[in-house]
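Descriptive structure summary
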Amino acid sequence: MSEKEFAIISIYSPKATLHGSWASGVWSYTKNLLTYMDREIRKKIVVLTEYSEKNSKEVYEEDEMIIDRCWERRGVFSWITQILTTLKKYPQIKTVHIQHEFNMFGSAVTIPLFLMLLLFLLQLLLQNLLHPTLTRCLLILFVCEWIEPSHCHLDFLFEVYP
């Protein structure tokens, strides 16, 4: 197994599944994005994703990537420590990419806690506490959210983009 340089934190499809009837936008987007990346890039990726009753806690290889089902939504704080602890298993990580959707980690209560995760990650990365041998690590946040079409008004677009 080659050294993993990219950690993707996201919800992700079940093993050997591209889409399902209960798929979220982030799960579909992340799966498609990673599946169609160059094979050599995929070899350097580890996906840190949730486990649940439907997807057991496990680590496996899929499409040249490591899928590490390491955190669960049920805990208010536990998913933060689960993610941080799992990141330490991959000492060559140079980029942490979070594919985020609000309520991805649980109920609305977890939204401000997500900001805590970002602060912890930034602090760890800035102080080289996550992996002291690394001199530089990049944190990327991609936010995806769905808006009800009836709430979209063309007037707004013309005000922003005259």
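Whatever comes next refers back to the structure up there.
I will try to describe carefully the structure that is included in this document.

Calculation criteria
Counting of residues starts from 1 at the beginning of each chain's written sequence and follows it residue by residue. This being a predicted model, a pLDDT of at least 70 is required before a residue's local features are given, and a value of 80 or more before pairs of side-chain atoms are given or counted; all residues contribute to the totals for chains, interfaces and linings. Remark: hydrogens and water are excluded; side-chain values derive from all non-hydrogen atoms of the structure. Put simply, DSSP H or I for four residues or longer makes a helix, DSSP E for two residues or longer makes a strand, and each gets a number counted from the N terminus. Burial here depends on accessible area, computed with a 1.4 Å probe over protein chains only, as a share of the maximum for the residue type. Under 20% is buried, over 50% is exposed, and the range in between is partly exposed. In this text, buried Ala, Val, Leu, Ile, Met, Phe, Trp, Tyr and Cys residues form a nonpolar core when linked through side-chain atoms within 4.5 Å. Contacts are residue-level and defined by heavy atoms, with any inter-residue pair within 4.5 Å sufficient. In what follows, salt bridge is the name for a side-chain nitrogen of Lys or Arg lying within 4 Å of a carboxyl oxygen of Asp or Glu. Patch definition: residues with relative accessible area over 30% and no salt bridge; like charges joined within 9 Å; nonpolar side chains (Val, Leu, Ile, Met, Phe, Trp, Tyr) joined within 5 Å. Computed with the Shrake-Rupley method and a 1.4 Å probe, the accessible areas treat only the protein chains shown as cover for residues. Pairs of strands are assigned from DSSP output, requiring at least two bridges between the strands.

The phi dihedral of Asp63 falls on the positive side, at around 55°, and the residue is not glycine. Considering the arrangement of structural elements, one finds Asp63 in the loop between strand E3 (59-62) and strand E4 (65-71). According to the relative accessible area criterion, Asp63 is partly exposed, its value standing at 35%.

If you look at the biggest cluster of nonpolar residues, it comprises 27 residues, and the most contacted ones within it are Ile9, Trp71, Trp79, Ile83, Phe105 and Leu117. Elements represented by at least two residues in this core include exactly strand E1 (6-9), helix H1 (25-35), strand E2 (45-50), E4, helix H3 (78-87), strand E5 (95-100) and helix H4 (110-126). Per-element tally for this core: the top contributor is H4, with six residues. The residues contacting Ile9, other than those within four sequence positions of it, are Leu48, Trp71, Ile83, Val96, His97, Ile98, Gln99, Met104 and Phe105. Grouped together as the second largest cluster of nonpolar side chains are eight residues, Ile45, Val47, Tyr60 and Met65 included.

Because each turn of an α-helix spans 3.6 residues, side chains separated by three or four positions end up pointing in the same direction. Among the residues making up H1, those that are buried are Val26, Trp27, Ser28, Thr30, Lys31, Leu34 and Thr35. In the core, the buried residues of H1 are packed alongside E1, helix H2 (39-42), E2, E3, E4 and E5.

Right, let's get into the pattern of salt bridges. Pairing between side chains becomes possible if they bear opposite charge and their charged atoms approach one another. According to the stated counting rule, one finds six salt bridges in the structure shown. In this structure, Lys15 engages Glu58 in a salt bridge whose closest nitrogen and oxygen atoms are separated by 3.2 Å. With a gap of 43 residues between them, Lys15 in the loop between E1 and H1 and Glu58 in the loop between E2 and E3 connect regions that are remote in the sequence. On the accessibility criterion, Lys15 (42% relative accessible area) is partly exposed. Residue Arg39 is joined to Glu64 by a salt bridge in which the shortest nitrogen-to-oxygen separation is 3.0 Å.

A few words now on a nonpolar patch on the surface. Taken together, Phe77, Met116 and Phe120 make up a surface patch of nonpolar side chains, about 280 Å² in accessible area. In this structure, Met116 sits in helix H4.

Burial of E4 is extensive: seven of the seven residues sit out of reach of the surface. Of the pairings in the sheet, the one linking E2 to E4 comprises five bridges and is parallel in character. Counterpart to Leu48 in the pairing with E4 is Asp68. As paired elements, E3 and E4 share four bridges and run antiparallel to each other. Bridged to Glu61 within E4 is Ile66. Between the antiparallel neighbours E3 and E4 lie two residues, among them Asp63 with a positive phi of about 55°.

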